[in-house]
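# What the coordinates show
Residues per chain are reported as follows:
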Amino acid sequence: MTRLRIRHETLYTYERPVGFAPHRLLLRPRDSHAIRVAEAVMTVSPPGDTRWLYDALGNSVCTFTPAGESTALSIISELIIERFPAPLADIPVRDPQTATPIVYSPTDRPVLAPFVEPATEDPDGILLKWLRARVGSPHEPALDFLMRLNRSIRDEFEYKARDLGAAQEPHFTVQLGSGTCRDFAWLMVEALRRLGYAARFVTGYLFSPGHTDVRGAGATHAWCEVFLPDLGWTEFDPTNGLAESEDLIPVAVARLPSEAAPISGAILGDGGEATLTVHVDVRPADSLSAAA
């Protein structure tokens, strides 16, 4: 078991005072057999009403409505979690459903259907052409193919950090040859859906102890989950070529990237020029107290 401290700071500033509509916060990891939230503190300014709920996918959601007007909105989430890693193990392929093309059981299909249907267009066939060049033998085990595709995205595309903006359309990422973690995650999700896999978009945090070659640390991170027979939902991080890594800390899952934004909401009034600053720090829980 690994005990980690996560501090996620978000600050919006405005030229003029503004009011605030309700904001949707996805900042608390989902408790599971792999992660337990030991402590959770959220500090907000200006203060306001908060309400916690679980959405249709089981994500822990906080609805926050800041009171009054202000030239700044600050949201700081501080967590201590316990991580119980379960590395991806080699599983012998005995069932043809674990080879490509993937086949889901009749009981799983209705549940997985929303995550199998692609959500984006590929007007010029750019994404499909790229994907076809990476599909191997129909007898290749699904896990082998997924690991290969995961590494392929990591090796072929240039990583460029981008704090603002939605995830790029997958065909545009292929055409551009570069992107950030949410672009690579969305590319893998939509590519796999075109092959009949159930895949969903994941946001969360990345623990990178001393790894200078890890991409996406110091901010919120995004990756892909794929549902496999006998393995269930399995994590793949195409930004770093990771699979079921103990360094991935999931917070929310969604069908679309826009549904998994850590913070979403609106202001009331004209605030003029606005700025956004985000900082994420993930470290062993004992390190802060030792340094004090």
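What counts and what doesn't
- Residues numbered from 1 in each chain as written.
- Predicted model: local features only at pLDDT ≥ 70, side-chain atom pairs only at ≥ 80, totals over all residues.
- Heavy atoms only, no water.
- Patch = residues over 30% accessible without salt bridge, like charges linked within 9 Å, V, L, I, M, F, W, Y side chains within 5 Å.
- Areas by Shrake-Rupley, 256 points an atom, 1.4 Å probe, with all protein chains shown as cover.
- Salt bridge = Lys/Arg side-chain N within 4 Å of Asp/Glu carboxyl O.
- Helix = DSSP H or I, 4+ residues; strand = E, 2+ residues; numbered from the N terminus.
- Buried < 20%, exposed > 50% of the residue type's maximum accessible area, 1.4 Å probe, protein only.
- 1 Å grid on protein atoms, 1.4 Å probe; cavity = no way out; pocket = protein on both sides within 12 Å on 5 of 7 lines; lining within 4 Å.
- Points joined across faces, edges and corners; volume = space filled by probe spheres on them.
- Nonpolar A, V, L, I, M, F, W, Y, C, P; charged D, E, K, R; others polar.
- Core = buried A, V, L, I, M, F, W, Y, C linked by side-chain atoms within 4.5 Å.
- Contact = heavy atoms within 4.5 Å.

## Here we look at a nonpolar patch on the surface
Taken together, the side chains of L164, L276 and V278 define a hydrophobic patch exposed on the protein surface, amounting to about 240 Å² of accessible area. Mapped onto the elements, V278 comes out in strand β16 (residues 274-284). Accessibility expressed as a relative area gives 36% for V278, which makes it partly exposed.

## Some thoughts on the layout of surface pockets
By volume, the largest pocket is sized at about 960 Å³. What lines the largest pocket is a set of 39 residues, and nearest its centre among them are D163, G165, R182, A261 and P262. Listed by contribution, the elements that provide at least two residues to the lining of the largest pocket are β1 (2-20), α5 (181-193), β9 (199-206), β10 (221-228), β14 (263-264) and β16. Among the elements that take part in the lining of the largest pocket, β1 stands out by supplying four residues, more than any other. What lines the second largest pocket is a set of 22 residues, among which H33, A34, W233, E235 and E244 lie closest to the centre. The greatest single-element share of the lining of the second largest pocket, amounting to three residues, is contributed by strand β11 (residues 232-237). Here the lining of the second largest pocket is built from residues that sort into 11 nonpolar, four polar and seven charged.

## Digging into the nonpolar core
Core analysis: the biggest nonpolar cluster contains 38 residues, and W130, L146, L192, Y197, V226 and L228 have the highest contact counts within it. For this core, the secondary structure elements donating two or more residues are α1 (109-116), α2 (126-132), α3 (142-156), α5, β9 and β10. The leading source of residues in this core is α5, at nine residues. Those residues within four positions of Y197 in sequence are excluded, and the remaining contacts are T100, I102, Y104, F115, V116, A142, F145, L146, L192, V226 and L228. One finds L26, L73, I249 and V251 within the second-largest nonpolar core, a separate group that totals 27 residues.

Worth remembering: the numbers are spatial, not functional.
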